[in-house]
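Survey of secondary and tertiary structure
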Amino acid sequence: SVLLHAAALRKPTVSFLDAEEREIYRRATSGVFDRLPLVTLGCAAEASSVDELTALIERCVSGAGLGLAERQTATFALDGKNAERIATFVAEQIRTYRGTPTLR
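Here is a short report on the structure shown in this document. Source: prediction; values computed, not measured.

Thresholds, definitions, all that
Residues numbered from 1 in each chain as written. Predicted model: local features only at pLDDT ≥ 70, side-chain atom pairs only at ≥ 80, totals over all residues. Heavy atoms only, no water. Helix = DSSP H or I, 4+ residues; strand = E, 2+ residues; numbered from the N terminus. Rg over C-alpha atoms; globule rule 2.2 N^0.38 Å. Buried < 20%, exposed > 50% of the residue type's maximum accessible area, 1.4 Å probe, protein only. Contact = heavy atoms within 4.5 Å. Polar contact = N/O pair within 3.5 Å; in protein donor to acceptor, adjacent residues only side chain to side chain. Patch = residues over 30% accessible without salt bridge, like charges linked within 9 Å, V, L, I, M, F, W, Y side chains within 5 Å. Areas by Shrake-Rupley, 256 points an atom, 1.4 Å probe, with all protein chains shown as cover. Salt bridge = Lys/Arg side-chain N within 4 Å of Asp/Glu carboxyl O.

1. Observations concerning the overall build of the protein
Helices and strands together make up the secondary structure of the protein, namely 6 helices and 2 strands. In the protein, the succession of α and β elements from N to C terminus is α-β-α-α-β-α-α-α. Against the compact-globule benchmark of 13 Å for 104 residues, the protein has a radius of gyration of 18 Å, which places it well outside the compact range. Oriented by its inertia axes, the alpha-carbon framework of the protein measures out at about 55 × 35 × 15 Å.

2. Digging into the side chain of Gln72
You can see Gln72 is positioned in helix H5 (residues 69-75). Its relative accessible area of 1% is what places Gln72 among the buried residues. In contact with Gln72, not counting residues within four places along its chain, are Ala7, Arg10, Lys11, Thr13 and Cys43.

3. Brief notes about helix H2 (residues 19-28)
By the N-cap criterion, in which a side-chain oxygen at the helix start approaches the backbone nitrogen of a residue two or three places on, H2 is capped by Asp18, the distance to Glu20 being 3.2 Å. Where H2 terminates, the next one or two residues include Ser30, which has phi positive at roughly 55 degrees.

4. What to know about a nonpolar patch on the surface
Taken together, the side chains of Ile86, Phe89, Val90 and Ile94 make up a nonpolar region of the molecular surface, amounting to roughly 370 Å² of accessible area. Structurally, the position occupied by Ile94 is in helix H6 (residues 82-99). Overall, the relative accessible area of 40% leaves Ile94 in the partly exposed class.

5. Remarks on unusual backbone geometry
Phi at Arg10 is positive, roughly 65 degrees, even though this residue is not glycine. Residue placement: Arg10 occurs in the loop between helix H1 (2-8) and strand E1 (14-16). The class of Arg10 is partly exposed, set by a relative accessible area of 27%. For Ser30, which is not glycine, the phi dihedral falls at a positive 55 degrees. Structurally, the position occupied by Ser30 is in the loop between H2 and helix H3 (37-40).

6. A look at the environment of Leu4
Locating Leu4 in the fold gives a position in helix H1. Not counting residues within four places of it along the chain, the set of residues in contact with Leu4 comprises Leu38 and Phe76.

7. A few points about the environment of Ala83
Inspection of the secondary structure puts Ala83 in helix H6. Along the chain, Ala83 and Lys11 lie 72 residues apart, while their C-alpha atoms are 23 Å from each other.

8. Thoughts on the pattern of salt bridges
Taken as a whole and judged by the stated rule, the model has 5 salt bridges. Salt-bridge contacts for Arg22 lead to Glu46; the nearest nitrogen and oxygen are separated by 3.2 Å. You can see Arg22 sitting in helix H2 and its partner Glu46 sitting in strand E2 (residues 45-47), a full 24 residues away along the chain. Using a relative accessible area of 21% as the deciding quantity, one classes Glu46 as partly exposed. Several salt bridges converge on common partners, so that one network encompasses Arg22, Arg35 and Glu46.

Keep in mind these numbers describe shape, not what the thing actually does.
Right, here's the structure in full:
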């Protein structure tokens, strides 16, 4: 959840999974994911070795950044209307459910 919070706040975000950890993650997600969704969405950079991690950290420290802000902004809406969007979504789901015939 720390990576998610960092990405939502438009911070440089790095996922580190070496080959062994990637396989553990893949198995833990029943093969659905082999990398974190934040990486797939372009909201986090990915390192799979200490050298790659070091290079990404150096880019952050030097001020070069990771070029993630545009995708983070597009993915995470922080306009103060999140609760309103959730309420609308839930209300639509309830209306849809009520209109769906009961399966027997």
